[in-house]
Each structure stands twice: as C-alpha cells, then as structure tokens.
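Coordinate analysis (summary)
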Amino acid sequence: MATAVVDRMPTQRQEVRAQRRGGTQGLLRCRLMHADRVLNLTARAGLIVVAETLMALGLEGVVRRELRLRKRQRGLSEFDKLQAIVLLLAAGGDRIEDVRLLREDQALSRLLERAVPSPDALHDFLYAFHDEQELARRPVMGAFIPKPSAALVALSRINRELVQRAVLPQRPTVATLDLDATIIESHKRDTKPHYKGGRGYQPTAVLWAEQDLVVADEYRDGNVPAGMSTRAVAEQAFAALPSSVTQRNFRGDSACYDERLLKWLVRSRIAFTISADMTKELHAECSTPLLKWHLFEDRSDEVVALTEVEFTPGNWPKKAVPLRYVALRFSGKQGRLFSDGKDTKYLAVVSNRHDLAAAELIRWHWQKAGTIEHLHDVTKNELAARLPPSGHFGANAAWYRLNLLTYNVLTTLKRQALPQRLWDAEPKRLRYEVFSLPALVTEHARQLTAKLGAATLSSDELIAARSRLRDLHAQVTDGIAATNHSSA
C-alpha cells in the first residue's frame, strides 16, 4: 500500500519561532521586533514644507472660495483632499490607494495638524470633476474636446492664483510661454487611439519658461490632434500671467503652425517662434540652389546649415507684415540617410522677431526642449501624470491638472525656500534629500516638536526654509491686501 507524502514545509509562523530560538533572523545581526505601542515616529517629516508652501500661498482660502464640490459642508474639506493629493504625489505615490501610507502615519498627521483622507474619499473627490452629460456629446468617430466642468474650471483658477502669488515677490516683467502636447498611454475602456499607434490621452500644457511654472493645460482624448484649438489654450495661458508682465513671448512646435494662432500672436504683439509645416511650397523654397547657406553646427553624424528664405503661406493676408522664415538644412555624413531615404532634410522656423540674428533665433527656439519637454518628462515619470486613476474623463483631467499644480508647488518651494543647490532638483531628489526626513514627534506644554534624525538636508537648512516660507506668506498677504485696496 502506497504511503501518502505529507508536506513538511514549515509555516511562516514556525519559521519566525525557529529564528527567535536561534537568535538570528537574516544574514545581518540585527533583529526586527514589533513595538509594544505605536511610536510617534515618521519617516516623512520633510513633507511639512510642502504643506507650508500651500499655506504660504494662501491656497486654502482660494480653494474654499473657488471649489465647492460637496452638497453638505461636513467632514474633510476640498482643501484637505487637494493637499492630500499634492502630498501623495510629492512623496512619490503613483495611485490614490498609496495615500493609505500617509493616512497610517499618525506622527505625520500630528505635524500637519489635519487628518489625511481615505482612498475612497479621494476617488469621490476626483469623480466630482467629471461631467457625464458633456461626455455624452462625444462622437463615436472624430476628435472632440469636451467643455470643462465647472469644477475643472475652478481648479484652473486655483492654479492661476497659485502662479500669480508664487511670483508676487519678484514681480517679473518677462514671460516666455512654451506650448506642447504629450501622449499618456492608457487602455481604459473609453480611451481613443493616438497617432503613435496606441490608446490613451493627449493633453496640452503651457509652461512659463523663466519661472518654471505651468500656466495652462487642456486634457484631451488621444485622437485629438495636437494642433487643434491651440489659440484657445494660448489665450488662456497669457490671461493667467500677472499684470507685472510687459514683455510676452511664445514658442511652439509645428502643431502651433496654425493661421488663427499666428494672426492672434501678431495682433497681440507677442514675440514668437514656431516650427513651420514643411509644405511642398516651403520645401521648394528651402531646396532651391540659389540660397546661400551658413554653417550652424558641425555634428558627429550631420552638418546643420541655416539661411533665411522669403516665403508667404497661401492663407497669410497680403497686406499683413511678412513673417520671418529661417530654414535649416541637415546634411548626413558618411552615407547617413534620414527616415525618408534621403541624405538631406529641411526644417524651418517662422517668427515675427527681428531683434535676433538667425542663429540666435534658432537657439532661443530650441530652448523649449529643456522647458516644456522637461515638464512632460517630470510629471509623467517622477510624479504620476502617466497613470490616469479612473475610467471617467473628468476625473483623469483633474488628476492631470493636480499633477501640474503639484509641479508648481514644488517649483515654488525650491525657488522661494530651499537652498540654491536644490533649485533645479527634480522630485526624486527632493524626496531623497528633503521629504524623507526621520523625526520623533513629541509634545510638551502644548508645543509640538519634531526631533530630526540624521539626514542629507540639515535641520538648520530645513528651519531656514520654513522661515522663508513664513516670509513668503507675509509678502503674499500684503500683496493681496494692496491689490484689494487699489481695486476698491
């Protein structure tokens, strides 16, 4: 008679008991134990400066004024939920469910002096930005940009107020706005195919280059062309600038090569450079042998030359001031061929600027690769814009806008409070040096104290940053009072 084989693999509890008897748990000598009680410890004490940046800008009052999503004003406020998402993204959370880690950190909640909402509460918060009636108008085929819900418009006004308050101490006079769209891959049920062959969304954002602040955005389905309604987005972006700005500039790729946008920029006296569509007519002008080309860059695999061409697009008014076209010729070295099988490629940039030489104009135009394209990289790969949390378009639009708002909060924190060596730090580095600070939280005589452990950012630097945020709050408060007094 066959004998049954009994599984003698030890259970997890048996393994733990054996390890305790042997005095070791792993390869290192240290032993892990559960504390007898909850300790007032946090590994995220540095997140308080993110919360204090929101406070310094007075955003709680702005949110209370602009955003009214709840029918009954009970429980946690809209600002509590907005701040929780900002803190979640700053701490490296990818999904709404990750807020549980902040919610369970009781010492952090004591430092923030407010409770952290549950994942369900944040999902409900995001869903409140969705307008099902508006999305019902979306056609089965073709591009469609839905009208934003009232809540999304309010969130845009909040970000606009953030931008204006963030630069209030400097009162900048120059603003260069860079507009660009990006692909967010997603396979949720209602997503649309995009031009790269996948499915998802294709939002557009506008960045204020000098201040590294997002001033406008528009969430779009993946099948919406990047060049659709660019003028409306540009108008929204320039309207968000503070009154101190007197010199306005604009840069865009070929998606912005639109007659309506070009005419508006000219009428508005906004200096611009835009990558031109290489039409047959423009290509013929660029490839004529009569042109005199000048060396621009000698690269390892190609030579770049430039020249200026006289060109007027067919839809440009004959009585209007002619636009300036700077052409670029890329000649491959050692038999290199471009994607079309040819050894020469042409590009062109259109502009109304005549204050720069052709080479300077091109370099200024190409600077947007380090601004708006950097924004897309950071918000998708270091924050969580790449991960839409819902099957509802409006909720995903709010999530994207909150990622951009978080980017602005971190920019304000870096430029207004942190040491200069961190002014260009990306979120990953801020988490490593600033946000992940261990601290023991104590309270004595009604004084709450966080005793910091060893960290890359010294306690003196963190205290100095909090002092600068307090000064920013005073400047913002005084500036708002002065504005209200003058308008009255």
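Above this text is the structure in question.
Described below are features of the structure shown in this document. (Residues numbered from 1 in each chain as written. Predicted model: local features only at pLDDT ≥ 70, side-chain atom pairs only at ≥ 80, totals over all residues. Heavy atoms only, no water.)

**A closer look at the nonpolar core**
Quick reminder of the rule: Put simply, buried Ala, Val, Leu, Ile, Met, Phe, Trp, Tyr and Cys residues joined by side-chain atoms within 4.5 Å make one nonpolar core. Categorising residues by exposure relies on relative accessible area from a 1.4 Å probe, with only protein chains included: less than 20% of the type maximum marks a residue as buried, more than 50% marks it as exposed, and the intermediate range marks it as partly exposed. The secondary structure listing takes helices from DSSP runs of H or I that are at least 4 residues long and strands from runs of E that are at least 2 residues long, numbered from the N terminus. Contacts: residue pairs with any heavy atoms within 4.5 Å of one another.
Core analysis: the biggest nonpolar cluster contains 124 residues, and Val 50, Phe 250, Ile 274 and Phe 435 have the highest contact counts within it. In terms of residue count, the dominant contributor to this core is helix 15 (residues 393-416) (13 residues). Among residues more than four places away in sequence, those in contact with Phe 435 are Ala 43, Arg 44, Ala 45, Gly 46, Leu 47, Val 49, Val 50, Ala 90, Leu 410, Leu 413 and Leu 430. Residues Val 304, Leu 306, Leu 328 and Ile 362 belong to the second largest nonpolar core, which totals 13 residues.

**Examining the packing of aromatic side chains**
Let me state the cut-off plainly: To pair, rings of Phe, Tyr and Trp, with the six-membered ring standing in for Trp, must have centres within 6.5 Å; the planes then decide the type, stacked if under 30 degrees apart, edge-to-face if over 60, and tilted in the middle.
Tallied over the full model, the rule gives 10 aromatic pairs. Seen in terms of ring centroids, Phe 238 and Phe 250 are 6.4 Å apart; in terms of plane orientation they differ by 40 degrees. Their pairing is tilted. Within this pair, whereas Phe 238 is found in helix 10 (residues 230-239), its partner Phe 250 is found in strand 8 (residues 247-252), the two being separated by 12 residues in sequence. Taking relative accessible area as the criterion, Phe 238 reaches 7% and is therefore assigned buried. Since its relative accessible area comes to 0%, Phe 250 is described here as buried. Three or more aromatic residues joined by ring pairs form one cluster here, namely Tyr 201, Tyr 219, Phe 393 and Tyr 400.

**Section: unusual backbone geometry**
Even without a glycine there, the phi angle at Ser 229 is positive, about 60 degrees. On the secondary structure map, Ser 229 appears in the loop between strand 7 (213-218) and helix 10. Residue Ser 229 is classed as partly exposed on the basis of its relative accessible area, which comes to 35%. For Ala 445, which is not glycine, the phi torsion reads 55 degrees and is therefore positive. Inspection of the secondary structure puts Ala 445 in the loop between strand 14 (439-444) and strand 15 (447-452).

**With respect to the packing of helix 9 (residues 150-166) against helix 15**
Applied cut-off: Only the stretch in contact is used when fitting a helix axis, every axis being a line fitted to C-alpha atoms; angles between N-to-C directions are given from 0 to 180 degrees. Each angle is binned into one of four classes, with values under 35 degrees roughly parallel, values over 145 roughly antiparallel, values of 65 to 115 roughly perpendicular, and all other values oblique. Here the nonpolar group is Ala, Val, Leu, Ile, Met, Phe, Trp, Tyr, Cys and Pro; Asp, Glu, Lys and Arg are the charged ones; every other residue, Gly included, is treated as polar.
Interaxial distance between helix 9 and helix 15 falls to 10 Å at its minimum, and their mutual angle equals 10 degrees. Judged by the inter-axis angle, helix 9 sits roughly parallel to helix 15. On the side of helix 9, the interface is formed by Leu 152, Val 153, Leu 155, Ser 156, Ile 158, Asn 159, Leu 162, Val 163 and Ala 166, while helix 15 contributes Gly 394, Ala 397, Ala 398, Arg 401, Leu 402, Leu 405, Asn 408, Val 409, Thr 412 and Gln 416. A per-class count over the contact of helix 9 with helix 15 returns 12 nonpolar, six polar and one charged.

**Focus: the side chain of Lys 414**
Inclusion rule: Note on charges: Lys and Arg go in the positive column, Asp and Glu in the negative column, and His and the chain ends are not counted at all. In the sections that follow, a salt bridge refers to a side-chain nitrogen of Lys or Arg positioned within 4 Å of a carboxyl oxygen of Asp or Glu.
Tracing the backbone shows Lys 414 in helix 15. Within the buried set, Lys 414 has no salt-bridge partner at all; the shortest N-O distance to an opposite charge, 4.5 Å, is to Asp 212. Leave out the neighbours within four places in its chain, and Lys 414 touches Leu 422, Trp 423, Asp 424, Ala 425 and Leu 430.

**Some thoughts on a nonpolar patch on the surface**
How we decide: Patch criteria: residues need more than 30% relative accessible area and no salt bridge. Like-charged residues are merged within 9 Å; nonpolar side chains of Val, Leu, Ile, Met, Phe, Trp and Tyr are merged within 5 Å. The Shrake-Rupley method, run with a 1.4 Å probe, gives the accessible areas here. Residue values count only the displayed protein chains as cover.
On the surface, Leu 39, Leu 41 and Leu 440 cluster together to form a nonpolar patch covering roughly 250 Å² of accessible area. Looking at the element boundaries, Leu 440 is found in strand 14.

**Observations regarding the pattern of salt bridges**
Close approach of charged atoms allows side chains of opposite charge to pair. One pass over the full model with this rule turns up 28 salt bridges. Salt-bridge contacts for Arg 44 lead to Asp 105; the nearest nitrogen and oxygen are separated by 3.0 Å. With Arg 44 in the loop between strand 1 (41-42) and helix 2 (48-56) and Asp 105 in the loop between helix 5 (99-103) and helix 6 (106-112), the pair connects residues that are 61 residues apart, well separated along the chain. Using a relative accessible area of 24% as the deciding quantity, one classes Arg 44 as partly exposed. Residue class for Asp 105 comes out buried when judged on its relative accessible area of 7%.

**Observations concerning the sheet that holds strand 3 (residues 184-185)**
This is how the line gets drawn: Pairing between strands is defined by DSSP: at least two bridges between them are needed.
Strand order across the open sheet formed by three strands is 3-5-4, with antiparallel pairing between neighbours. Single-partner strands in this sheet number two, and they are strand 3 and strand 4 (192-193). Relative to strand 5 (residues 199-201), strand 4 runs antiparallel, the two sharing two bridges. By the bridge assignment, Lys 192 is partnered in strand 5 with Gly 200.

**Regarding the environment of Ala 276**
One can find Ala 276 in the loop between strand 9 (271-275) and helix 12 (280-286). Taking C-alpha positions, Ala 276 is 7.7 Å from Asp 253, a pair spaced 23 residues apart along the chain. Residues in contact with Ala 276, not counting those within four places in the same chain, are Tyr 257, Leu 282, Tyr 325, Ala 348 and Val 349.

**A short note on the sheet that holds strand 2 (residues 174-181)**
By definition, the strands of a sheet pair up through backbone hydrogen bonds, in either a parallel or an antiparallel sense. One open sheet accounts for nine strands, arranged 7-6-2-8-9-13-12-11-10; its pairing is mixed. Edge positions in the sheet fall to strand 7 and strand 10 (294-298), since each of these pairs with one other strand and no more. On average, adjacent strands in this sheet sit at an angle of 20 degrees to one another, irrespective of strand direction. Bridging between strand 2 and strand 8 involves six bridges; their strand directions are parallel. Of the residues in strand 8, the one forming a bridge with Thr 176 is Asn 249. Contacting strand 8, strand 9 and strand 13 (344-351), helix 11 (residues 259-267) crosses the sheet at an angle of about 160 degrees to strand 9. Sitting on the sheet, helix 13 (residues 358-366) touches strand 2, strand 8, strand 9, strand 10, strand 11 (302-309), strand 12 (324-332) and strand 13, and the angle it makes with strand 12 is about 80 degrees.

**What about the packing of helix 7 (residues 119-127) against helix 15?**
Any two packed helices are characterised by the angle at which their axes cross and by the distance between the axes. Relative to each other, helix 7 and helix 15 sit at 105 degrees, their axes nearing to 7 Å. Between helix 7 and helix 15, the interaxial angle falls into the category roughly perpendicular. The residues of helix 15 that touch helix 7, namely those facing Phe 125, Leu 126 and Tyr 127, are Ala 395, Ala 398, Trp 399 and Leu 402. Partitioned by chemical class, the residues of the contact of helix 7 with helix 15 number seven nonpolar, no polar and no charged.

**Here's the deal with the side chain of Glu 78**
So the rule is basically this: Here a polar contact is taken to be a pair of N or O atoms separated by no more than 3.5 Å, where protein atoms must pair a possible hydrogen donor with a possible acceptor and residues adjacent in sequence count only if both atoms sit in side chains.
In this structure, Glu 78 sits in helix 4 (residues 78-91). Classification of Glu 78 as buried rests on a relative accessible area of 5%. A distance of 2.9 Å separates a polar side-chain atom of Glu 78 from the backbone nitrogen of Leu 69.

**Focus: the environment of Val 304**
Along the chain, the position of Val 304 falls in strand 11. Looking at Val 304, the relative accessible area reads 0%, which means it is buried. Spatially, the C-alpha atoms of Val 304 and Lys 345 are 9.6 Å apart, while their sequence positions differ by 41 residues. Filtering out sequence-adjacent residues up to four positions away, Val 304 remains in contact with His 294, Leu 295, Phe 296, Glu 297, Arg 299, Leu 328, Arg 329 and Phe 330.

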